[in-house]
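Structural features, examined
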Amino acid sequence: MIVRLIDFWAQRSARERRMIAIMLAIAVPLLLWLLIAGPVTAALTEAKDRQAEAVARHGRIVARIDAIERGGAPDAARPRIGALDLFVAEAASQRGLTIDSNVAQGPDAVAIGIAHARPEAIVDWLAEFERQGIVIEDMTMTANPDASIALDARLSRSGT
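The rules we used
- Residues numbered from 1 in each chain as written.
- Predicted model: local features only at pLDDT ≥ 70, side-chain atom pairs only at ≥ 80, totals over all residues.
- Heavy atoms only, no water.
- Patch = residues over 30% accessible without salt bridge, like charges linked within 9 Å, V, L, I, M, F, W, Y side chains within 5 Å.
- Areas by Shrake-Rupley, 256 points an atom, 1.4 Å probe, with all protein chains shown as cover.
- Salt bridge = Lys/Arg side-chain N within 4 Å of Asp/Glu carboxyl O.
- Helix = DSSP H or I, 4+ residues; strand = E, 2+ residues; numbered from the N terminus.
- Buried < 20%, exposed > 50% of the residue type's maximum accessible area, 1.4 Å probe, protein only.
- 1 Å grid on protein atoms, 1.4 Å probe; cavity = no way out; pocket = protein on both sides within 12 Å on 5 of 7 lines; lining within 4 Å.
- Points joined across faces, edges and corners; volume = space filled by probe spheres on them.
- Nonpolar A, V, L, I, M, F, W, Y, C, P; charged D, E, K, R; others polar.
- Pairing = 2+ DSSP bridges.
- Axes fitted to C-alpha atoms, helices over the stretch in contact; angles between N-to-C directions.
- Core = buried A, V, L, I, M, F, W, Y, C linked by side-chain atoms within 4.5 Å.
- Contact = heavy atoms within 4.5 Å.
- Expected span 1.5 Å × (residues − 1).
- Phe/Tyr/Trp six-rings, centres within 6.5 Å; stacked < 30°, edge-to-face > 60°.

Moving on to a nonpolar patch on the surface. On the surface, Met23, Leu24, Val28, Leu30, Leu31, Leu32, Trp33, Leu34, Leu35, Ile36, Val40 and Leu44 cluster together into a nonpolar patch covering about 1200 Å² of accessible area. In this structure, Leu30 sits in helix 2 (residues 14-70). When its relative accessible area of 47% is taken as the criterion, Leu30 is described as partly exposed.

Now the structure itself:
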């Protein structure tokens, strides 16, 4: 292969060699940029953006958890709630969330499932329940490929 390149180069005139050298001097850096540097730079920028978004989301979630741990509204200020499964369904529709499963487990408990939702929307929604005296007894959040999450949870009124 190298012998063929040497023969190819030897068969060219001085003018052709100069033109090929200029062409390679332009093409090689351009190809390196297009094939390596461009995609790497784009990937790094995207990763930095995703990391900044994740840090901001983490901060919002930690702030919500701190607010929940400090306590919600006093019992007198909490609204009266009827059947918990209906209350949860109504609260979800008000927030624009779609509940895929909503199974009452007695008058004071409900098991819910949401297949796709924004993490911030779910955290805000669950924090509102905590402020109203509804306890999250069991919860599983799973990341979906589209940056949404799936939620399976069991909610109950305080003291049940």
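What follows picks up the thread again.
This paragraph deals with the layout of surface pockets. The volume enclosed by the second largest pocket comes to roughly 170 Å³. What lines the second largest pocket is Ile61, Arg64, Ile65, Ile68, Val123, Leu126, Ala127, Glu130, Ile136, Met139 and Met141. Here the lining of the second largest pocket is composed, by residue class, of nine nonpolar, no polar and two charged.

Sheet strands line up and pair through hydrogen bonds in the backbone, either parallel or antiparallel. Within the open sheet, the four strands sit side by side as 1-2-4-3. Their pairing is antiparallel. Pairing within the sheet leaves two strands with one partner each, and these edge strands are strand 1 (101-104) and strand 3 (134-143). Each neighbouring strand pair of the sheet contributes to a mean axis angle of 10°, computed without reference to strand direction. Here seven bridges tie strand 2 (residues 109-117) to strand 4 (residues 149-157), and the two strands are oriented antiparallel to one another.

Before going further, it helps to spend a moment on the nonpolar core. Ranked by internal contacts, the top residues of the largest apolar core, which has 19 residues, are Val88, Ile112, Ile122, Trp125, Phe129, Leu151 and Leu155. For this core, the elements supplying multiple residues, two or more each, are helix 3 (84-95), strand 2, helix 4 (119-131) and strand 4. For this core, the element with the highest residue contribution is helix 4, accounting for five residues. Ignoring sequence-local partners within four residues, the contact set of Ile112 consists of Val88, Ser101, Asn102, Trp125, Leu151, Asp152, Ala153 and Leu155.

With 13 residues, helix 4 extends 19 Å from end C-alpha to end C-alpha; this agrees with the ideal 18 Å at 1.5 Å per step. Three or more residues of helix 4 are buried, namely Pro119, Glu120, Ala121, Ile122, Val123, Trp125, Leu126, Ala127 and Phe129. Of the surrounding secondary structure, the elements contacted by the buried residues of helix 4 are helix 2, helix 3, strand 2, strand 3 and strand 4. Where helix 4 terminates, the next one or two residues include Gly133, which has phi positive at roughly 85°.

This next bit is on the pairing of strand 2. Sheet topology note: the strand 1/strand 2 ladder contains four bridges and is antiparallel. Following the sheet pairing, Val103 is matched in strand 2 by Ala111. Between strand 1 and strand 2, which follow one another and run antiparallel, lie four residues, and Gly106 among them has a positive phi close to 90°.

Throughout the structure, instances matching the rule amount to two aromatic pairs. A centroid spacing of 6.1 Å and a plane angle of 50° characterise the contact between Phe87 and Phe129, whose relative ring orientation is tilted. Of this pair, Phe87 sits in helix 3 while Phe129 sits in helix 4, placing them 42 residues apart in sequence. The class for Phe87 is partly exposed, based on a relative accessible area of 22%. Judged by relative accessible area, Phe129 falls into the buried class, the value being 2%. Members of the aromatic cluster, each reached through a chain of ring pairs, are Phe87, Trp125 and Phe129.

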